Amino acid sequence: MVNRLYQAAINMPLLYISAISLTLLLLVPIIIGLAGTILPAFNYLPALAHMEFGLTPWRSLLAAPELMGSIKLTLVSGLLATMISFVLAFSLVAVLYQTRWMSSIRHSLAPILAIPHAAIAIGMVFLLSPSGWIVRLLSPWLTGYERPPTWVSVQDAYGLSLVLALVVKETPFLLFVILSSLPQLKPQALLQVGASMGYPPLTVWRKVILPALYPLIRFPLLIVLAFSLTVVDLTLVIGPNSPSTFAVTLFHWFTDVDLERRFTASAGAVLLMAIILLSALAWELFYRVFIYFDRKRWGNGKRHTNAYLFFKTGAYLYLGNMGIALLSLLVLPIWAFTHRWRFPDILPSEWSLKKIQQLAPILVELACASLLIAVVSSLISIAISLVMLEQKRCCSTVTQWFDRLICWPMLLPQVGFLFGIQVFFIWSDVNGTVFAVLALHTLYVLPYVYLTLSAPYLSFNQQYYTQAICVTHSPARSYFLIKLAMLKPILWSAFALGVAVSFAQYLPTLIAGEGRINTLTTEAVALAASGDRKKVGNMAMLQALFPLLIFMLAQWLPYSWTKYRLTLKSTLKKGALKKTQPIK
Amino acid sequence: MRTPLLDLKRCQIKINSTVLLDDFSFHVNNGEVLSIMGPSGCGKSTLLGYLSGTLSHDFIATGQIELDGKPIQQLNTIKRKVGILYQSPLLFPHMTNLENLLFATPSNKNTSHKERVEMAMGKLNELGLETKAHELPEVLSGGQQARIALLRALLAEPQYLLLDEPFSKLDPELRQSVRSFTLEQIQKANIPTVLVTHDMEDAQAMQSKIITLQTQN
C-alpha cells in the first residue's frame, strides 16, 4: 500500500515534463545571450541592418587606444584579487580553526555575504578617499591635514582600491566555501594524525589539507575569478576611470549613443570570454606547476615549514579586511543622517533627518521595486529548484544538463551576455518591463538558490515522507506538511540568499529595465560619482539594510515559528482540557 | 619481567558533572597490547584522547601518564611521540602511497633523501605493494590501506601506539589478516599499544590483556 502510494507520488509525469521544460527554459537565454554576443562580434545584427559577416568589429576593437591598458588592468586586478582572497581565507582557517574566534567569524559571514558589493564599495569610498573617515580619524593630530590631502586613494590608476574592494567582498565568500568543504576532509583527524607524527598544525594545513582541499573548492574559486574579471558596478564605484577595466570599457561602448559601437563592444565581449577562459587555464596551470614543485616537499620529512609567518600575516590581514568592511558599512548611515560634516571632524557636527525626508518618496519607490523584484525572483527560483531537485532525487540523468547549465550565468561575463539577451527582449517587445527584469534576476538568483538547496534537499531522509504518505494518503499534503516543513530552515536561507543576490544585481536591472525600472542598486551606483554623499549614503544604507534584515529574519523565523506553534498548541490543549473538566 | 613502559595512574575523566572514568589505572609493556572494551559512551575513545593529548577542552581529566617512568600528560601530542590509528586509515588522498610513507619518515642530517626513500620502499616491499608506490591510495583495497596506515604510523618512530577500532571497517575475511599483521608489526617495533575495540575477537587476536569499562551512572 505504502509502496504503491509512494510510487504514485514519485512517478509523476508532470514532474518529468516540468524538469525537461525548465532545462530548455534555462538553455534558451544562454543560447540567446551567447548568440546575441557572438553574432554582432562578426558584424551580424539584422536589427541594425548588418546582414553580412565580417571582421570589422575586431579591427575596430584592436584599434581602440584603451584596449591594452584596460585588459592589463583587468588581468592584474582580477587575478591579484582572487589570489589574495584565497590566501587570506585559507590562512585564517589554518590559524584559527576550531577556536572560539573562528566560530564568531563564521557567524558573522552570512550578514557580510548578504550585503551587495556596490554598497560595500560605496562605503569604502567614504572610508578610504582623501576626505574619508580614515583620514579624518587621523587628522590633524597625526597627519597635520586641515584640508583633505590631494593624493589619490580610491579610483587609483593602478586599480589597488578596486583590488581591495574585491578582496573585502570575496574573502568572506571563499571562507564560507572553505568551511563548508572542510568536513569532507576530516581536518581534525588529519591534524591529529599529523601531530602524532610530530607535525605542528600549520605544517599539516600546508602539506596535507591545502592540496587535498583545492580540488573541492576549484569551481567556487573560478567563479570568484570570473566575477573579479568582469564586475561592472563595483568597478564603476571604486575602480579607475582612464582606462577602466575591460568590462567597464565594454559597458561604456554598449551604452554609447553611437550604435555602431555595439559591434566593437560585442567583439570585446567575446574577447572577455576568451580572457576568462585563458585566466582560468592560467590559474589551473599555475596550480599544477606549484603542486609539481611542492610535491617534493610533502615527503621531505621536515616537520617545520617557513609558512608560519605567512599564514599568521594572512590571518591578521583577513581581520583587517573585515574591519574595513565593518567601518564601510558603519559610515553609510552616518552620511545618511549627516547635516554638516566638515573636514577633519571625526563625526558630523550636525545631524539631520532632512535628507532622508526629502528623499523619502523616491527611496520608498526604489525600496518597493527592489523588494518586489527580489522576493518574486527568489520565490520563482525556489519553486524551480524544488521541481528540479525532486526530479534529480528520482532520476538524476534527467537533471544532468540542468546541473551543467545552471553555472553558466555565473561564469559568463554579464556585460556581453546580457546585451545579447537585450536584443531578444527588444525584438519581443518586453524590454523595459517588470517581466524582463524578473526574468534576468531569476537567471542570476537561480544558481545560488539551487546550489544552496541541493545538498540538504537531496540528503533529506525520504522515509519521513513515506511515513507521511502512509498516514495522510496524500502525496501533495505530505510533501508540503512534512518534507517542506522539515526543510524550512534551509528554504528560508535559500530565500534570503536569493534576495541578497537579487539586490546586488546592477546590469540585469539596468539592461532589462531600460531606465524605466530602477532599484536601490542602480540608483546608488549611478549616484556614486555624483559627490552627493548624503544622497548616496541613504541609497547604499537601504541597499545594505534590506538583505541584512531578510537574512536575520531567515535565521530567526523558522525556529521561532516552530516554537510559537508548539506554545499555541499547548495553550489550546490546556484550554480544551479545562473545557472538558467536569464541574464540581 | 619487562619494564612497564606506558603507565596510567589514577585517571579520572569528567564532562560537566558526569564522571566517565574514575580512579582508572593500567600499565602496558613494550611489544604488548592492552585492549579496552566496553559499551558505547563508557569513555573508551575519550581515554585514547587523554593518552594522545587530543582530548577536547570540554573534558576535565586528571591522573598521571608515564612513559618509561617520565610523566607526559603535560606534553602536547607532538612531543608525546604517539602513533594513532583510527577506524578510517586516513591516508592522505593527494599523496602517492610512497609519499604517504615518506611524510612520516623523520628527516635528520644523517639520513639522505635516498635512504629515506629506500626505507619507505622497503616497507612497501614487505607488503608486496612496491608496484603501487607511485599510485594514489584510492587504488588500494581496504586491507592494503589499513596496512599502509599502520606502517606510516610506525615509520614516525612513536614511543607508544593507540588504536581506535582500526579493524571495525574491514570485511570479516580481511580483518583476521590485518590483525595478525598489526600484532607482528607491534612486536617488531617493540612498543606498548592500547587498542580500543567493541569486538572480543579483535582483543583475543592481538593476544592482549583486556580491560572492560562500564558506563558510569
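Computed from a predicted model, the values in this text were never measured in an experiment.

Description of the sheet that holds strand β6 (residues 82-85) of chain B
Residues and elements named next belong to chain B.
So, point 1. Taking strand neighbours across the sheet as the criterion, the five strands line up as β6-β7-β8-β3-β9 in an open arrangement whose pairing is parallel. Either end of the sheet is taken by a strand with one partner, and the two such strands are β6 and β9 (209-212). For this sheet, the mean angle separating the axes of adjacent strands, direction not counted, is 20°.
So, point 2. As judged from the four bridges shared by strand β3 (residues 33-37) and β9, these two strands associate in the parallel manner. Residue pairing in the sheet places Ser-35 in a bridge with Ile-210 of β9.
So, point 3. Against the sheet, helix α1 (residues 44-52) makes contact with β3, β6, β7 (160-164) and β8 (193-196), and its axis sits at roughly 155° relative to β7, the strand it touches most.

Some remarks on the environment of Tyr-97 of chain A
All names here are of chain A.
So, point 1. Inspection of the secondary structure puts Tyr-97 in the loop between α4 (67-96) and α5 (100-114).
So, point 2. Among the residues examined, Tyr-97 registers a relative accessible area of 22% and is labelled partly exposed.
So, point 3. Along the primary structure Tyr-97 and Arg-340 are separated by 243 residues, whereas in three dimensions their C-alpha atoms are 45 Å apart.
So, point 4. With residues up to four places along the chain from it excluded, the contact list for Tyr-97 reads Leu-92, Met-102, Leu-182, Pro-187, Gln-188, Leu-191 and Trp-205.

A few points about the domain arrangement of chain A
Residue and element names in this part refer to chain A.
So, point 1. When the domains of chain A are assigned, the result is domain 1 (1-42 + 353-584) and domain 2 (69-352).
So, point 2. Measuring from the centre of the C-alpha atoms in domain 1 to the corresponding centre in domain 2 gives 27 Å.
So, point 3. Each partner contributes to the interface: domain 1 provides 41 residues, whereas domain 2 provides 44 residues.
So, point 4. Contact between domain 1 and domain 2 buries roughly 3,600 Å² in total, counting both sides, with carbon and sulfur atoms accounting for 78%.

Things to note about unusual backbone geometry
One can expect most non-glycine residues to show negative phi and most peptide bonds to be in trans.
Residues and elements named next belong to chain A.
So, point 1. With omega at -5°, the peptide bond leading from Ser-139 into Pro-140 counts as cis.
So, point 2. Considering the arrangement of structural elements, one finds Pro-140 in the loop between α7 (133-138) and α8 (160-181).
So, point 3. Residue Pro-243 is bonded to the preceding Ser-242 through a cis peptide linkage, with omega at -5°.
So, point 4. Mapping Pro-243 onto the fold places it in the loop between α11 (233-238) and α12 (246-254).
So, point 5. Of note in the backbone geometry, Asn-43 takes a positive phi value of approximately 70° without being a glycine.
So, point 6. By the element assignment, Asn-43 lies in the loop between α2 (13-41) and α3 (56-63).
So, point 7. Unlike most non-glycine residues, Lys-186 shows phi in positive territory, near 50°.

Things to note about the interface of chain B and chain A
So, point 1. Tallying the contact residues gives 25 residues for chain B and 23 residues for chain A.
So, point 2. Roughly 2,100 Å² of surface becomes buried between chain B and chain A when both sides are summed, with 65% attributable to carbon and sulfur atoms.
So, point 3. Here chain B and chain A share one salt bridge between them.
So, point 4. Of the charged contacts, one joins Glu-99 of chain B and Arg-295 of chain A as a salt bridge, the two residues approaching to 2.6 Å between their closest N and O atoms.
So, point 5. Counting across the chain B and chain A interface gives 10 residue pairs in polar contact (both at pLDDT 80 or more).
So, point 6. Going through the elements one at a time, α2 (77-80), β6, α3 (97-104) and α4 (113-127) of chain B are the ones with two or more residues in the side of chain B that touches chain A.
So, point 7. Tallying contributions element by element places α3 of chain B first for the side of chain B that touches chain A, with four residues.

A short note on the pairing of β7 of chain B
Residue and element names in this part refer to chain B.
So, point 1. Burial of β7 is extensive: five of the five residues sit out of reach of the surface.
So, point 2. Here β7 shows no split at all, with Tyr-160, Leu-162 and Asp-164 on one side and Leu-161 and Leu-163 on the other all buried.
So, point 3. Where β6 meets β7, four bridges bridge the pair, whose relative direction is parallel. Bridge assignment links Val-82 to a residue of β7, and that residue is Tyr-160.

Points about the side chain of Ser-91 of chain A
So, point 1. Residue placement: Ser-91 of chain A occurs in helix α4.
So, point 2. For Ser-91 of chain A, the contacting residues outside a window of four places in its chain are Phe-310, Phe-311, Gly-314 and Ala-315 of chain A.

Quick notes on the nonpolar core
So, point 1. Formed by 244 residues in total, the largest nonpolar core has its most connected members in Val-415 of chain A together with Phe-26 and Leu-47 of chain B.
So, point 2. Viewed by domain, this core spans two of them, domain 1 (1-42 + 353-584) and domain 2 (69-352) of chain A, each represented by three or more residues.
So, point 3. Dropping the residues within four chain positions of it, Val-415 of chain A is found in contact with Val-232, Ala-247, Leu-250, Phe-251, Phe-254, Leu-272 and Leu-507 of chain A.

Analysis parameters
Within each chain, residue numbers correspond to sequence positions counted from 1 in written order. Chains carry letters from A onward and ligands carry numbers from 1 onward, assigned in written order. In keeping with the predicted nature of the model, local features appear solely for residues at pLDDT of at least 70, side-chain atom pairs appear and are counted solely at 80 or more, and the whole-chain, interface and lining totals rest on all residues. The side-chain values count all of the structure's non-hydrogen atoms but skip hydrogen atoms and water molecules. Here the rule is simple: two strands pair whenever DSSP picks up at least two bridges between them. Strands here are runs of E lasting at least two residues and helices are runs of H or I lasting at least four, both read from the DSSP assignment and numbered beginning at the N terminus. Between N-to-C directions, angles span 0 to 180 degrees; the directions come from axes that are lines fitted to C-alpha atoms, helices contributing only their stretch in contact. Two residues form a contact once any of their heavy atoms are found within 4.5 Å. Think of it in three bands: residues with accessible area under 20% of the maximum for their type are buried, residues over 50% are exposed, and the middle band is partly exposed, with areas taken using a 1.4 Å probe on protein chains only. What fixes the domain bounds is an automatic or database domain assignment. When two parts are put together, the accessible area they lose, computed with a 1.4 Å probe and summed over both, is reported as buried area. Basic side-chain nitrogens of Lys or Arg form a salt bridge, by our definition, when they fall within 4 Å of a carboxyl oxygen of Asp or Glu. Two N or O atoms count as a polar contact when they lie within 3.5 Å, although within protein this holds only if one can serve as hydrogen donor and the other as acceptor, and sequence-adjacent residues are included solely when both atoms are side-chain atoms. Nonpolar cores were defined as sets of buried Ala, Val, Leu, Ile, Met, Phe, Trp, Tyr and Cys residues, with membership established by side-chain atoms within 4.5 Å.

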